[in-house]
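If you want the building blocks of each chain, they are given just below.
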Amino acid sequence: MDWLEDELRQALRRKDPSPDFEARVMAAARRRPVLTMPRWLAAAAALLVITSAGLGYRYHRGQAAKAQVMTAMRLTGSKLSRIQMQIKAARP
Amino acid sequence: MVFSVVYHFLHDRDTAEEIAQDVFLSLHRNLRAIQSAAHAGFWLRKVAVQRSIDASRKRMRRPQVALEDVAEPVARGVPADPMLGETLRRLIATLPETPRMVIVLRYQEDLDPTEIANLMAIPVSTVKSHLQRSLALLREKLVRRGVREE
Amino acid sequence: MRIVRTVTLACAVAAALWAQQLKLNLDHLAGKASDSVDVSLNNSMLQFAAKFLDGKDPDEAAVKRLIAGIDGIYIRSYEFKQDGAWSQADLDQVRNQLKAPDWSRILGIKSAEEGDSAEVHVCNQNGKITGVVILVTGAKEFTVANIVGAVSLESLADLGGHFGLPRLEQQKGTKKR
């Protein structure tokens, strides 16, 4: 990994909005109901949207974690494999 | 995610919260078009990108300049900035809009060039070119600031 | 005084629990490396990642089985274009931690000709393996892989046969779990 790319990942780590952000979004959603939906459904839909976005985010993070695990295991496996071959080569 | 993309693009917390709120409300109004949780994520990202770039153009805080023309601070004799992350964020904020968003999507969201191209509706080759040039420029600026050795 | 003793005891217990996880201060090598891998996955990240591993894919299924009992995986792997990028101090930093009583080296091999060296160390607590360290160094390479938790050496050996790697044979005298 290039050092600059590593630093960029660190510098651009996700930041959270203010603690009351979600409450403000919900309040705004209640103030601007979708005309075809009753108010209570609009609020529930807004909550679902935020949760769904979280799920999309969760899926993406899961894939990233999986990729890290697979990289770790491939690297570990390849080192062990190399050690094994060196041992075999060293045997009389 | 939405807030973070906008924040790192505009480097302005208040505006980022405003835009993020607007993006969520927009999704709420367009719920019927959403097919799945993953689609919601894609939709949010796409709209966040569009609204961020629109906001940046409206504000006109930074004149549009070519990458190479971004002004350099006095390089020699300036002590290295211990807060490399903040230095990088400021340098990124000086990039023109499209390469700036490419950098944010690549290194914050970990998207590959194809995903970025799809999201921003620009060719993959353009994305790769922006990435290459931006990285080269950022690297050069950091070296000149004495933050990093070549 | 009681508070001091309690805190000291808590620190000692924490230190013992985490003896199998090495402190790896090797970030300075990343700047010199032409290629580097930096993985730090604690238990919660591993459990999270496991949910996304496909049980139908042979490679992913093998990894899913392996990480089931693992508490953490920490890898720092660097490749360099020039010799001499890492120093004896970097190696000692790792080896000194492996001198603790719970650690023992179960395998070591050195190639005098190529200057490569490889070691496998295990942390054994109460008759159980609670950690493994694989340390591989060469003129242009420095790799430390630290696996924390109930690591099965057989499972690690099972990584061979996956990812296009040759299957590993169990070594004579290796402790079996």
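Residues numbered from 1 in each chain as written. Chains lettered and ligands numbered in written order. Predicted model: local features only at pLDDT ≥ 70, side-chain atom pairs only at ≥ 80, totals over all residues.

1. Side note on the confidence of the model for chain C
All names here are of chain C. Looking at chain C as a whole, the pLDDT averages 78, with 76% of positions reaching at least 70. By mean pLDDT, helix H1 (residues 2-17) is the weakest element of chain C at 47, and strand E6 (residues 141-149) is the strongest at 92. Counted against residues more than four places away or in other chains, residues 3-17, with its pLDDT under 50, gives 0 contacts. For residues 168-177, every residue scores under 50 in pLDDT, and the model assigns this stretch 14 contacts once sequence neighbours within four places are set aside. Here the predicted complex carries an ipTM of 0.75, next to a pTM of 0.49. (pLDDT = per-residue confidence, 0-100. Helix = DSSP H or I, 4+ residues; strand = E, 2+ residues; numbered from the N terminus. Contact = placed C-beta atoms within 7 Å.)

2. A word on the nonpolar core
By size, the foremost hydrophobic cluster in this structure holds 40 residues, and its most contacted members are Val2(B), Val6(B), Ala20(B), Val23(B) and Val104(B). When residues of this core are assigned to domains, at least three map to each of domain 1 (1-61) and domain 2 (67-150) of chain B. If we skip the residues at most four places from it in the chain, Val23(B) touches Val2(B), Leu44(B), Val47(B), Ala48(B) and Arg51(B). If you look at the next biggest cluster of nonpolar residues, it comprises 37 residues, including Leu75(A), Leu46(C), Ala118(C) and Ile147(C). (Core = buried A, V, L, I, M, F, W, Y, C linked by C-beta atoms within 7 Å. Buried ≥ 20, exposed ≤ 12 C-beta atoms within 10 Å, placed from the backbone. Domains from an automatic or database assignment.)

3. Observations concerning the interface of chain B and chain A
How big an interface is tends to be stated in terms of accessible area lost as the parts join. With 31 residues of chain B in contact, the opposing surface of chain A contributes 31 residues. Sorting the residues of the side of chain B that touches chain A by element identifies helix H1 (2-10), helix H2 (13-29), helix H3 (37-59), helix H4 (84-93), helix H5 (97-107) and helix H7 (124-144) of chain B as the ones contributing at least two each. Element by element, the count of residues in the side of chain B that touches chain A is highest for H2(B), at 8 residues. Class assignment of the residues belonging to the side of chain B that touches chain A gives a composition of 19 nonpolar, 7 polar and 5 charged. (Nonpolar A, V, L, I, M, F, W, Y, C, P; charged D, E, K, R; others polar.)

4. Considerations on the sheet that holds strand E4 (residues 116-125) of chain C
Residue and element names in this part refer to chain C. A sheet is described by the order of its strands in space; here 6 strands give the open sequence E1-E2-E6-E5-E4-E3, paired in antiparallel fashion. Bordering the open sheet on either side are strand E1 (35-42) and strand E3 (103-111), each of which pairs with just one other strand. When the angles between neighbouring strand axes are averaged without regard to direction, this sheet yields 10°. Pairing between E4 and strand E5 (residues 128-138): 9 bridges, direction antiparallel. (Pairing = 2+ DSSP bridges. Axes fitted to C-alpha atoms, helices over the stretch in contact; angles between N-to-C directions.)

5. Here's the deal with the pairing of E6(C)
Residue and element names in this part refer to chain C. Of all 9 residues making up E6, 8 are buried, and the element is well covered by its neighbours. Of the strand pairs in this sheet, strand E2 (residues 70-79) and E6 are connected by 9 bridges, and their pairing is antiparallel. Note on E6: the bridge partner recorded for Ile75 is Ala145. In this sheet, E6 lies alongside E5 in antiparallel orientation, the contact comprising 8 bridges. Across the sheet, Thr137 pairs through a bridge with Phe142, a residue of E6.

6. A closer look at the packing of H1(B) against H5(B)
All names here are of chain B. Direction vectors running N to C along H1 and H5 enclose 140°, while the axes themselves pass 10 Å from each other. By the angle between their directions, the pair H1 and H5 is classed as oblique. In this structure, H1 crosses over H5, and the sense of that crossing is right-handed. Across from Val5, His8 and Phe9 in H1, the residues of H5 making contact are Arg100, Met101 and Val104. When its residues are assigned to classes, the contact of H1 with H5 shows 4 nonpolar, 1 polar and 1 charged. (Parallel < 35°, antiparallel > 145°, perpendicular 65-115°, else oblique. Left-handed = near helix turned anticlockwise from the far one by under 90°.)

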